[in-house]
Amino acid sequence: MTQELSLEELVRRGESQTLEFKKSLSLQREGLQALCAMINSDIAKGTVVFGIEPNGTVCGIEQGNLDTAQRSLSQTLRSRFEPQLTAQIRIEELSGKTVLILSAERYRSIPYHEYDGRAWVRQGSENLKLSLDEKQRLTGRRDRDSHPGPWQCDRCGAMVGVLHSFEITNSGMRKTYQCECGGEFWPVS
Ligand SMILES: [Zn+2]
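First, a word on scope: everything that follows refers to the structure included in this document. Everything numeric in this text was worked out from a predicted model, so none of it was measured.

The rules behind the values
- Residues numbered from 1 in each chain as written.
- Predicted model: local features only at pLDDT ≥ 70, side-chain atom pairs only at ≥ 80, totals over all residues.
- Heavy atoms only, no water.
- Helix = DSSP H or I, 4+ residues; strand = E, 2+ residues; numbered from the N terminus.
- Buried < 20%, exposed > 50% of the residue type's maximum accessible area, 1.4 Å probe, protein only.
- Contact = heavy atoms within 4.5 Å.
- Areas by Shrake-Rupley, 256 points an atom, 1.4 Å probe, with all protein chains shown as cover.
- Lys, Arg positive; Asp, Glu negative; His and termini not counted.
- Charge placed at Lys NZ, Arg CZ, Asp CG, Glu CD.
- Core = buried A, V, L, I, M, F, W, Y, C linked by side-chain atoms within 4.5 Å.
- Pairing = 2+ DSSP bridges.
- Axes fitted to C-alpha atoms, helices over the stretch in contact; angles between N-to-C directions.
- Salt bridge = Lys/Arg side-chain N within 4 Å of Asp/Glu carboxyl O.

With that out of the way, let us pick up the overall build of the protein chain. In terms of regular secondary structure, the protein chain is built from four helices and 13 strands. Once the C-alpha set of the protein chain is aligned to its principal axes, its extents read approximately 60 × 30 × 30 Å. Residue burial in the protein chain is summarised as follows: out of 189 residues, 41% are buried. Nonlocal contacts in the protein chain, meaning residues at least 24 apart in sequence, comprise 65% of its contacts between residues at least 6 apart. Counting every atom, the protein chain has about 10,700 Å² of accessible surface; 46% of that belongs to carbon and sulfur. In the protein chain, the 24 positive side-chain charges and the 25 negative ones have mean positions that sit 2 Å from each other.

Below, the structure is given as structure tokens:
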């Protein structure tokens with residue numbers, strides 16, 4: 001995570017575009033839907049804290065089976081997200097209670113992730129299911145190879161309307177996105 005706020009501060013600010021609370025690990029499915037929705041939005045990252053009620057009250061997660069819970073969560077993360085998702089799981093103490101923090105980011109080359117066969121997207125603190133049309137629109141906007149431009153360098157900020165550079169690979173001709181400054185060009189959203 002780029003900006004590192006303390007957990008207390010995050011919880012005080014409440015649920016948002018990038019933060020969701022789930023009071024119990026039994027809400028794993030809903031939590032993962034929310035995570036999917038957050039990383040699919042333009043901010044491309046999200047955090048779910050288990051052990052906190054939606055209103056911000058710290059209730060703590062069920063004690064005793066933390067290892068099992070973490071394993072089950074990791075396994076679900078590996079098997080139910082397409083493309084596969086890299087996520088971090090942390091256990092922390094907050095107001096004397098145990099909470100589990102799950103966070104993830106979407107890499108820019110992935111237009112969207114699906115969880116259990118469905119793509120979700122976050123608007124404010126609501127999670128909405130993407131329609132086929134919306135998925136196609138997201139792909140058109142985020143997929144570098146089919147994007148019509150312009151592109152912007154992630155290092156020097158240079159904008160280009162046309163990519164002049166192509167490389168020939170085994171699978172045909174590909175655009176390359178190297179800027180002369182060493183950065184990479186990405187679609188301007
Ligand atoms: Zn550059």
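Additional details are given in the paragraphs that follow.
Of all hydrophobic cores here, the largest spans 22 residues; its most connected members are Leu32, Leu35 and Leu102. Those elements that provide at least two residues to this core are α2 (28-40), β2 (45-50), α3 (66-80) and β5 (97-105). Looking at this core element by element, the count peaks at seven residues for α2. If sequence neighbours within four positions are ignored, Leu102 has contacts with Leu32, Leu35, Gly46, Thr47, Val48, Phe50, Leu73, Leu77, Ala87, Gln88 and Ile89. Core analysis: the second largest hydrophobic core is formed by ten residues, Val11, Leu19, Phe21 and Val58 among them.

Strand order in the open sheet formed by four strands is β1-β2-β5-β4, and the pairing between neighbours is mixed. The two strands at the open ends of the sheet, each matched to only one other strand, are β1 (19-22) and β4 (87-94). The average angle at which neighbouring strand axes cross in this sheet is 20°, direction not considered. Bridge count for β2 against β5 is six bridges, and the pairing is antiparallel. Within β5, the residue paired with Gly46 across the bridge is Ala104.

This structure, assessed with the given rule, holds twelve salt bridges. A salt bridge links Asp42 to Arg142; the shortest N-O distance between them is 2.7 Å. Within this pair, whereas Asp42 is found in the loop between α2 and β2, its partner Arg142 is found in helix α4 (residues 132-142), the two being separated by 100 residues in sequence. Looking at Arg142, the relative accessible area reads 8%, which means it is buried. Asp116 is paired through a salt bridge with Arg80; the nearest N and O atoms lie 3.7 Å apart. Note that Asp116 is positioned in the loop between β6 (114-115) and β7 (120-123) and Arg80 in helix α3, a separation of 36 residues in sequence. Residue Arg80 is classed as partly exposed on the basis of its relative accessible area of 40%. One network of salt bridges, with partners in common, ties together Glu9, Arg12 and Arg13.

Coordinates in, geometry out; function isn't part of it.
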